[in-house]
Each structure stands twice: as C-alpha cells, then as structure tokens.
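So the chains spell out like this:
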Amino acid sequence: MHSRVLMVCWRRKLFFLGAGLLSLLALWFWGFLYTTHITEDGGKIVSVRELMLGSSRGRHHEGLLQRLGFHERTQPIVADGDATFTGGQGSGDPMDGEEGGVKFVKPTLDGSHSLRSAKGRYTSGWDTIMQDRADESRTRETNQQQHHQHANEAGSRPGQRHISDEMRMAVERQSHYEHELKRMGVPVIAGLGPGGKGTPPAQRLVHFDLKGAPPKVSYLRRILPILKTLGATGILLEYEDMFPYGGSLSPLAARNAYNRDELLELLKTAFALGLSVIPLVQTFGHLEYALKLKEFAHLREVEDSPQALCPSYNASLTFVEELLTQVIEYHTPGSNTNLLHREDIERLTPKLTHVHIGCDEVYRLAECPRCRHRVKEQLFLDHVYNVATIVRRRWPHLRVIIWDDMLRHVATDVLQASGIGKLVEPMIWVYAEDIYKFVQSATWEKYASVFSTAWAASAFKGAHGEGLLLPPIRRHLENTLRWLAVMQGEGSRFTHGLQGLALTGWQRYDHFAILCELLPTALPSLAVCLSTAAKGYFDVSAKTNPILSSLTCPEPTGEHHAWLELHKDSLMVTFSRCMFPGSMIYRFMLRLTTVMAETGEYSEAIRQRRGWLTDYNIRHNFSSAARVDDLLGDNYRLLNSVSNLARTAASTLADAYDHWTWGEFIEQRIFPMMEELKRLERAGKGLSKRRVWPQRPLPYLKPFEVLDIDEKT
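Residues numbered from 1 in each chain as written. Predicted model: local features only at pLDDT ≥ 70, side-chain atom pairs only at ≥ 80, totals over all residues. Heavy atoms only, no water.

Trainee: Would you take a moment to explain the state of the cysteines for this structure?
Mentor: In protein chemistry, a disulfide is the covalent bond that joins the sulfur atoms of two cysteines. The final tally for this structure, using the stated rule, is one disulfide. No disulfide involves Cys310; its nearest neighbouring cysteine sulfur is the one of Cys368, lying 3.6 Å away. Exposure remark for Cys310: the relative accessible area of 0% places this residue in the buried category. Its sulfur unpaired, Cys368 is 3.3 Å from the next cysteine sulfur, which belongs to Cys371. Residue classification places Cys368 among the buried residues on the basis of a relative accessible area of 7%. (Disulfide = S-S within 2.5 Å. Buried < 20%, exposed > 50% of the residue type's maximum accessible area, 1.4 Å probe, protein only.)

Trainee: What is the right way to look at empty space enclosed by the protein in this model?
Mentor: With a probe scaled to a water molecule rolled over the atoms, the places where space remains empty come into view. One pass over the structure, following the stated rule, counts six cavities of 30 Å³ or more. By volume, the largest cavity is sized at about 80 Å³. Among the residues forming the lining of the largest cavity, the class breakdown is six nonpolar, two polar and three charged. The volume enclosed by the second largest cavity comes to roughly 70 Å³. Along the walls of the second largest cavity sit 13 residues, with Phe208, Asp209, Lys461, Gln507 and Leu519 positioned nearest its centre. Those elements that provide at least two residues to the lining of the second largest cavity are strand S3 (203-209) and strand S11 (454-461). The element best represented in the lining of the second largest cavity is S3, accounting for three residues. Tallied by class, residues from the lining of the second largest cavity come to seven nonpolar, four polar and two charged. (1 Å grid on protein atoms, 1.4 Å probe; cavity = no way out; pocket = protein on both sides within 12 Å on 5 of 7 lines; lining within 4 Å. Points joined across faces, edges and corners; volume = space filled by probe spheres on them. Nonpolar A, V, L, I, M, F, W, Y, C, P; charged D, E, K, R; others polar. Helix = DSSP H or I, 4+ residues; strand = E, 2+ residues; numbered from the N terminus.)

Trainee: Please clarify how the packing of aromatic side chains should be interpreted in this entry.
Mentor: How two aromatic rings sit relative to each other is given by the distance of their centres and the angle of their planes. One pass over the full model with this rule turns up 13 aromatic pairs. A ring pair is formed by Phe284 and Phe380, whose centres lie 5.7 Å apart and whose planes are at 5°; its orientation type is stacked. One end of the pair, Phe284, is in the loop between strand S5 (276-280) and helix H8 (288-291); the other, Phe380, is in helix H11 (residues 376-394), with 96 residues separating them in the sequence. Taking relative accessible area as the criterion, Phe284 reaches 0% and is therefore assigned buried. Three or more aromatic residues joined by ring pairs make a cluster, and in this case those are Tyr239, Phe243, Tyr245 and Tyr330. Over the ring of Trp429 we find Arg408; its NZ or CZ atom is 5.4 Å from the centre of that ring. (Phe/Tyr/Trp six-rings, centres within 6.5 Å; stacked < 30°, edge-to-face > 60°. Lys NZ or Arg CZ within 6 Å of the ring centre and 35° of its normal.)

Trainee: Any chance you could explain the environment of Ser441 here in plain terms?
Mentor: Tracing the backbone through its elements, the reader meets Ser441 in helix H13 (residues 441-450). Between the C-alpha atom of Ser441 and that of Glu490, which follows or precedes it by 49 residues, the distance is 8.5 Å. If we skip the residues at most four places from it in the chain, Ser441 touches Tyr436 and Arg493. (Contact = heavy atoms within 4.5 Å.)

Trainee: Honestly, the pairing of strand S10 (residues 424-429) in this entry has me stumped. Any pointers?
Mentor: Every regular strand shows the same layout, with side chains that alternate between the two sheet faces. Among the six residues in S10, six count as buried, and that is most of the element. Side chains Val424, Pro426 and Ile428 project from S10 onto one buried face, and the interleaved Glu425, Met427 and Trp429 project onto a second face that is buried too. In terms of strand pairing, strand S9 (residues 399-403) meets S10 through four bridges, oriented parallel. Looking at the pairing, Ile401 lines up with Glu425 of S10. Read from S9 through helix H12 (residues 412-418) to S10, the crossover connection turns out right-handed. (Pairing = 2+ DSSP bridges. Right-handed = clockwise from strand over helix to strand, strands pointing away.)

Right, dumping it as structure tokens:
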C-alpha cells in the first residue's frame, strides 16, 4: 500500500514537472514571436510592432493593421479621455499621400461602455504606438524634403510633370498602335506611327504604266477623284506607244492609242482635282516600242535587240528631241500644238513642272562599233547630260527626273565630273522590303554629294512576278512603309530634301512581256499604299483611314476583329464586298484565281502523280479505259468552269478596257487552261476506245538518238 502511494506521488511530480517545462517553452516561443519576424524580401528581422505598422523605409511589407483594414486617420485622444475612438480628417501629415505611412482607426465603443473603464488598458499602449508613428512621420517628411530638394537641384522645371504625362500617353498610343498592327498582319517599322517624328512625303505620285492593258480614259477619270481622296498629289503618265504621236513619229502610236481629245479630258480632270501631271518618256533604254519598227531599227545599239538606243548617232538625239517635243508641248498650257482651249488654259492653275526621261535598265550599252571603245559609265552619263540639256534649253522651267539604277555603281568623282548633278533629279526605286540591300548608305551619301534633291519610288503592283493576277498587298505595303522610314532617315542628307514618293504600277516588265496584274485588280493595293504614304504610317483606325470609304466598302461589323487583315483569304473577303470602279473585275479575278489553281493542280496530278493518263500513256495509247473515264470526270467539270469564265471575261473587262486588251487577257490567262483540258479530254477518249493491247515490253521512243547515246548501254 505504501509503495502504491509513493508511485502515485512520483507520477504526479513527473506530470507537474513536464507541464512546467512545456509552459516555459511556450512562454519562450511567444516571446520570440512577439519580438522578431523574418520578412519576405531578404530576411530582415523586425519587431512585431513594426510588422503591425508596416515598414517605414521603402514599404517592403504590409503592416498587419493594414491587412486587417485599419486605414482611416484618427483623432488624437482627448485629455479627459471621454471622447470615443472615431476617425477624423487628415491633418496634412506627409504620411497621408500616395506614399503615406500606416493609417489607424481607434476602436469605437458603443454607448453602453464607458471609455473611462477601458482607459487604463488602452492609454499606455496606444500612446506608445502614436509616439512611434510621430517619429516615423518626421523621418519620412525629412526624406521627402530631401528628395524634392535633389529634384530641384537636378533641373526640375514647371511643366515637367505635364511633359512626363504626355510622354507616357504617347508611349501608350504607340504600344496600342503596334499591337493593332500585329493583329492585322502589318509589319511594325521603327519610327513610324502616331507618335513618330517624321512627316509624309510632300509629293505622292501614282504611276500609270500604259504600255500594257491601257485603261479607257473614262475609267481613269473615274478613279482620279478616289486617288485624290486617298492622298495623291499627282500622276506619272508613262505613255510608251499609247500617245497619239504625229508627223515622223506617227508609226510609234499603237492602233488603240489614245486620241488627243481623250487625253484632253484626262488632263482637264486631273487639273480640276489639283493633281499635277508628269509625263514619262523613255529616252535610252526600254525603247522597244520604237526600235522594233523598221523605220527606227537603225537607231539600235545592237542589231539583234531593240532594247536600247545607240547614243553615238546624231540621229538618236534628233529622235529623242522629237519625242520630248510632242509629249511636252501637248502637256504645256499655252503652247501652239496642244488642244487645251483658251478658257481651260486660263483656269488651269497647275503647270507642267517636271518631265521624266526614264534611262533605267540600259542593258545593251557600249556594244556597237561606234560605242565599244568608250567606257560604259561615261557613255551613259554623256547621253543623260545631252538629253537633259535639250530639255533645259527648250523648256527652262522644267525639272528633269531619271531612274537611278544606272547610277548606283558609278564612282562619286565620276558623277560629280559629269555635270548631271545640276540638270537631273534621280528617282531611287526599290520594290523589295529590304531597301538598303539595293541602295546602301554609301550610295545615299554619294547621291547627296552630287544632287541637291531626289525622289523615291515604291510599287503597288507589277513588281513581284510577271504573271500575277492579284498583287501581294502585304509586300507592297511593307515596301511603302520601309520607304517612309528610309526617307525620314536619308532626306536630311540632301540640301533640298527628298521631293516625294512615286507609287509605281507596272503593267508589263517590258514591251514584249505578258500582262501583269490589271489596274482594277490592284486598286485595293494602291489604296492601302497611297493612304499610308499620305499619312506617314499605316492608320489602324477604320474611321480615320480612308481606305474603306474611298473604295465604297462596308463598315467593319465588330470592334473585336481587325477591320483589315493582310492575309490572303481575309483580303479576298474584305475587298470583294467593295463597290469601287472595276470591283466586278476584281471579283472576276478572284474566281479566275480559284479556277486556275484547281486546274493546275488537276493537270499536275494527271501528268505526274496518277498512273493512267500521263504523257507516257498517251504516246503509247496504253492505259485502262475504266481508270481513264474516272479521271476525266473532273476534267469535264473544270472545262465547263473555264469555258464560262472565257464567255464572261469580255463583258466584265469591258468596263475598263477595249476589246484589244480583254482579247489579249483571255488569250494569255484563260485560253491555255482550256487548251490543256481539251487535250487531256481528246487523249482520254482515244485511250478509252482501245480494246486490244500489245505484249510488253512496249516499244519506246528513241531519245537516245537525239542525245547521241548508244541504247545498248
């Protein structure tokens, strides 16, 4: 019994001893927790008081009272302690602002509890907190005063905050602008945008290449107001054989050349709109339209090519002067040879100020017996000097433009010594996206040392393939944007800056090439590029960009979608709904493009991938009738589609072109498809009729004989 009592007592002692140790451990842990806390940003140890108030230096962590919602300023405790703990107005403490300190709310007691009974519990602790807060307020105020003093010493001026806000808004606008460009598939070019410092080119010329698919004058007159709305300031007319030459040059005029009355109406429309007109007359290279004829074949540089004029003949300069005379005099109000009536002359304020004399791509140079002993570069420069001198002598008010490509590799001292720097203005043309790849910085520096001014030239069609039906709008837009950036950077090199940008629209690569994209088909591309050139950047707003309104397109239906997406399918949908002059031709080209792709894929599959209607089967009349009949099913369907296109092409294209042009177009684009499908149809019917076939091996054709190869090998 006694031992049991001792055992119980011993257990109780152990119990109380353990409980005591646990209590001591708990008290020690609470003391540590109350006095220290490790912050999240670097391990700084702070007191719980600081944790509750929040760091007064740099505000690295949020105070506990802040997290609990104690954000209101308080009134100080009244002396007698009768006031309740209610929030008051700010006192102007530096801790009240955007970077103010911790704000407190003293607990409010309802009417059933007296503050006097609670005063002993709150006063001492609360006064300590407020004293700490006052110390922190004084420290922060001192820091802010020092900060403002340093700012003033660093050159802070009135209005700097306003300038900063403007800069921030400009950055935001540019960021939004670039985001919209990416959504629309438009390239982002540094320096271009609503916040850019550059200005649009002063002159924006639209180039009409009339040596292929020349539009009716009535059609050109319909689109001139649209071009004016989009920002054009003038037109560059490259007549070639469409000008109504007379006298000794009458053989140059094509059989469907414009007559003088038609051109008069075109010029009057342009002048009424305030559009300048610059005629382009080739005077060196690209004279195929003249030198192909027997009357002028003797002026060729080489007998087998009508591409370039021989500059060593006196007759060549006589021929060039007559070309320029007939064209310039017609465009000069008041001359004896033009057809402008007196009342028209008096009210037409725009005067002819420039003439373009071509001189690009002179491929055949210094090859004839008269020229071959001379240096090519000097021969070229001498001819340009002679032609420009004729213009300046006959028409001293005119300024002369030439293409620049033949000058790019001429040394600076040679150019300076030639004397052309005071006679001509180069028009620097690049149609690719990377302009500096073709015209390097050193070339710009060279041009600026020779010429006081220059022009630039981009393209809206006819630059990315001889046989395209639709221009790649995105590539043309990027070319225009790149030019705007280059002009901003390089224009300051020239004494009189850069005159402007010409948007070229080539209809043939040269006189003998097939037709490029037709003008009505390229009008959307022209609208995109021209409006961009006139603005100085691509406007992402459908409301302020004149593209849709000028082309009579429906308004975008939703703001969450880009109103213009430069992807092939999206563009087809966008512009196929527009009602601009020639929009029916545009929709016809979309349909033709689809049929051409389908026909080409079918023909390639038959000849290359399928095994019963290939050229080999046709040559040997050896195939399976059932398989051939199956393959001809698609042939009949496609042949019907192509035939329908051929029948509707004439009536559709007649809106803008004469029968010579739509006849040429049908022969180049539609007739080959029809011929290929008919050939396959005839061959398939022949293969299907055979009922008996020879043993293998089949007799093969003997190309070995042509190649001079022994067939036994």
